[in-house]
Amino acid sequence: MSFSDLIHLDPPPVASVPVTRPSLPPLEDLLPYLQDIWSSGQLTNGGFYVNRLEEELKVYLDVPNVSLVTNCTLGILLALRALGITGEVITSPYTFVGSANAIVLAGATPVFADIDPMTLNLSPKAVAEQITERTQAILAVHCYGIPCDVEALQAIADRHSIPLIYDAAHCFGVKVGGRSILDYGTCSIISFHATKVFNTFEGGAVFSSNPQLNQAIRRLANNGIIDEEKVNDVGLNAKMSELRAAIGLAQLPYVSDEIAKRLTLVDAYLEGLSGVRGLRFIQPPPNVAHNGYMFPIIVEAEYPITRDMLYENLKKNGISARRYFYPIVTDFPPFADAPSAGLEALAVARRAAKSVLCLPLFPSLDSAVQKHIIEIVRNPLR
Ligand SMILES: Cc1ncc(COP(=O)(O)O)c(C=O)c1O
């Protein structure tokens, strides 16, 4: 069997409408990069394209320092290591499990605090209640790219002189009052995973206003190597390759258009679903320039069926929605025994995990298909 036979095998069955589809640049845009990589022979180790993508991201995202890494999970881990965090880190249970995994793998201990019912982001009040002398950092997540209460969290971090790290996995292009969301806190880590607004297939980056911190992260991402003869810290291999950086560079010219298409689809969802009893929307405040990463709806008790019934109903119609985030991190065995994982303490996060459903949203979502989705969600009993 030849390679071309292999690539023409039937793909595995998928729902006819996926919850998301990766954005890809035209293949021909990538070819010059590939030719260049093939002729230079430089595949990794901080090559030309990694440096160029860092420079272009600084301009596009309006941030002073960027370190590209293999993915967001390792970016968080490296940020914690670079900041010397080995004690307790207050974080959200309403996130992708990678946020908490990174804390544990950095040698620190996650302490979970509840979320705000309106934004589903870490509640500053809950954070303040969890702070002790053992707390060494806060890791807050801007869920769906909707900014946390950055002022209140910063005030807590300042009061206790601890770093405030943002898991900004969902935040490509998000701005608050004209300022990049990645510019807040001690540092922010973004994901360039296939499902994100901007992807390098897999990838991520750490942003900060501190060039030394970015340099330390770059070094730790290269196994702590300072030069041929010097290694002072234990790092790991979390470098981005030239190929992935090239994919990012080829994609960057298209991303503003892709975000605009997402936002048009968000508006159509909001219009089509307005007035449906028992549905609530998590939308950014007016001073936020959003990226339309996800369209989460909250299915409340007044809606005619439960969230899970709606999920199944859509599935029966070939539409894949996502219960994101469900279950919460503290429902997973590695985190279930954390003293902060008690049922009472995380009541808002638990409720959110049972009621949130993300509807399909990606730039190429056909508007007729979107209307069909809206119709099902508006009339789930029909
Ligand atoms: C909130 C959040 N944090 C971290 C990650 C991990 O990102 P990556 O897959 O790039 O490691 C994700 C991935 O979806 C995420 O949603």
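Criteria and cut-off values
Residues numbered from 1 in each chain as written. Predicted model: local features only at pLDDT ≥ 70, side-chain atom pairs only at ≥ 80, totals over all residues. Heavy atoms only, no water. 1 Å grid on protein atoms, 1.4 Å probe; cavity = no way out; pocket = protein on both sides within 12 Å on 5 of 7 lines; lining within 4 Å. Points joined across faces, edges and corners; volume = space filled by probe spheres on them. Helix = DSSP H or I, 4+ residues; strand = E, 2+ residues; numbered from the N terminus. Nonpolar A, V, L, I, M, F, W, Y, C, P; charged D, E, K, R; others polar. Domains from an automatic or database assignment. Core = buried A, V, L, I, M, F, W, Y, C linked by side-chain atoms within 4.5 Å. Buried < 20%, exposed > 50% of the residue type's maximum accessible area, 1.4 Å probe, protein only. Contact = heavy atoms within 4.5 Å. Pairing = 2+ DSSP bridges. Polar contact = N/O pair within 3.5 Å; in protein donor to acceptor, adjacent residues only side chain to side chain. Axes fitted to C-alpha atoms, helices over the stretch in contact; angles between N-to-C directions. Parallel < 35°, antiparallel > 145°, perpendicular 65-115°, else oblique. Left-handed = near helix turned anticlockwise from the far one by under 90°. Buried area = accessible area lost by both parts, 1.4 Å probe. Salt bridge = Lys/Arg side-chain N within 4 Å of Asp/Glu carboxyl O. Phe/Tyr/Trp six-rings, centres within 6.5 Å; stacked < 30°, edge-to-face > 60°.

## Points about the layout of surface pockets
Approximately 330 Å³ is the volume found for the largest pocket. What lines the largest pocket is a set of 24 residues, among which Phe-96, Ser-191, His-193, Lys-196 and Tyr-324 lie closest to the centre. Breaking the lining of the largest pocket down by element, the ones donating at least two residues are helix H4 (72-82) and helix H5 (97-105). Among the elements that make up the lining of the largest pocket, the one with the highest residue count is H4 (3 residues). Among the residues making up the lining of the largest pocket, the classes are represented as 9 nonpolar, 11 polar and 4 charged. No fewer than three residues from each of domain 1 (27-249) and domain 2 (254-378) sit in the lining of the largest pocket.

## Section: the nonpolar core
Ranked by internal contacts, the top residues of the largest apolar core, which has 71 residues, are Tyr-94, Tyr-144 and Phe-172. Broken down by element, the residue count for this core peaks at 8 residues, all from helix H9 (residues 242-273). If near-sequence neighbours (up to four positions away) are discounted, Tyr-144 is found in contact with Tyr-94, Leu-120, His-170, Ile-282, His-290, Tyr-293, Met-294, Pro-296, Tyr-324, Phe-325, Val-356 and Cys-358.

## Focus: the sheet that holds strand E6 (residues 175-176)
In spatial order, the strands read E7-E6-E13; together these 3 strands make up an open sheet with antiparallel pairing. A strand with exactly one partner marks an edge of an open sheet, and here the two such strands are strand E7 (179-180) and strand E13 (288-289). Summarising the sheet, E6 and E7 pair through 2 bridges and their orientation is antiparallel. From the neighbouring strand, Lys-175 faces E7, where its bridge partner is Ser-180.

## Describing empty space enclosed by the protein
One pass over the full model with this rule turns up 1 cavity of 30 Å³ or more. The computed volume of the largest cavity comes to approximately 30 Å³. Lining the largest cavity, in full, are Ala-169, His-170, Cys-171, Phe-172, Ser-191, Lys-196, Val-197, Phe-198, Asn-291 and Tyr-293. Across the lining of the largest cavity, the residue classes tally to 6 nonpolar, 3 polar and 1 charged.

## Observations regarding the side chain of Ser-208
Note on placement: Ser-208 falls in strand E9 (residues 204-208). Here Asn-210 takes part through its backbone nitrogen, which lies 2.9 Å from a polar atom of the side chain of Ser-208. With residues up to four places along the chain from it excluded, the contact list for Ser-208 reads Pro-64, Asn-65, Thr-186, Cys-187, Leu-213 and Asn-214.

## Some points on the packing of helix H10 (residues 307-316) against helix H13 (residues 367-378)
The contact between H10 and H13 brings their axes to 10 Å, and the two run at 140°. Relative to H13, the element H10 lies oblique. Crossing of H10 against H13: the hand is right-handed. Across the interface between the two elements, Leu-310, Asn-313 and Leu-314 from H10 touch Ile-373, Ile-376 and Val-377 from H13. Class assignment of the residues belonging to the contact of H10 with H13 gives a composition of 5 nonpolar, 1 polar and no charged.

## Details of the sheet that holds strand E5 (residues 164-167)
Taken in spatial order, the 7 strands of this open sheet run E1-E9-E8-E5-E4-E2-E3, and their pairing is mixed. Of all the strands in the sheet, just strand E1 (65-69) and strand E3 (109-112) have a single pairing partner and so form its edges. Taking each pair of neighbouring strands and ignoring which way they run, the sheet shows an average axis angle of 25°. As paired strands, E1 and E9 are joined by 5 bridges and run antiparallel to one another. Each bridged residue has a counterpart across the sheet, and for Val-69 the counterpart in E9 is Gly-204. Taken strand by strand, H5 contacts strand E2 (88-91), E3, strand E4 (135-141) and E5, and its axis lies near 140° from that of E3. Sheet strands touched by helix H8 (residues 211-220): E1, strand E8 (187-191) and E9. Its angle to E1, the strand with the most contacts, is close to 15°.

## Focus on the domain arrangement of the chain
Under the domain assignment used here, the chain contains domain 1 (27-249) and domain 2 (254-378). Facing 39 residues of domain 1, the contacting portion of domain 2 comprises 36 residues. When domain 1 packs against domain 2, close to 3100 Å² is buried across both sides, 67% of that on carbon and sulfur atoms. In this structure, the connection of domain 1 to domain 2 is made through 0 salt bridges. Applying the counting criterion to the domain 1 and domain 2 interface returns 19 residue pairs in polar contact (both at pLDDT 80 or more). Ranked by the residues each element gives to the side of domain 1 that touches domain 2, the list is headed by H5, at 4 residues.

## Regarding the pairing of strand E14 (residues 295-299)
Most of E14 sits out of view: 5 of its 5 residues are buried. The side-chain alternation of E14 yields two buried faces, one formed by Phe-295, Ile-297 and Val-299 and the other by Pro-296 and Ile-298. By the bridge criterion, 4 bridges tie E14 to strand E15 (residues 356-359) in an arrangement that is antiparallel. Paired with Pro-296 across the bridge in E15 is Cys-358.

## Observations concerning the packing of aromatic side chains
Enumeration according to the criterion identifies 12 aromatic pairs in this entry. When the centroid spacing of 5.3 Å and the interplanar angle of 65° are considered together, the rings of Phe-48 and Tyr-49 count as edge-to-face. The exposure class assigned to Tyr-49 is buried, which follows from its relative accessible area of 6%. Ring centres of Tyr-144 and Phe-325 lie 6.3 Å apart, and the angle between their planes is 15°; on these two criteria the pair is classed as stacked. Taken together, the residues Tyr-144 in the loop between E4 and helix H7 (150-160) and Phe-325 in the loop between H10 and helix H11 (333-336) connect sequence positions 181 residues apart. A residue is classified by how much of its surface remains accessible, and Tyr-144, at 1% relative accessible area, is buried. Judged by its relative accessible area of 4%, Phe-325 is buried.

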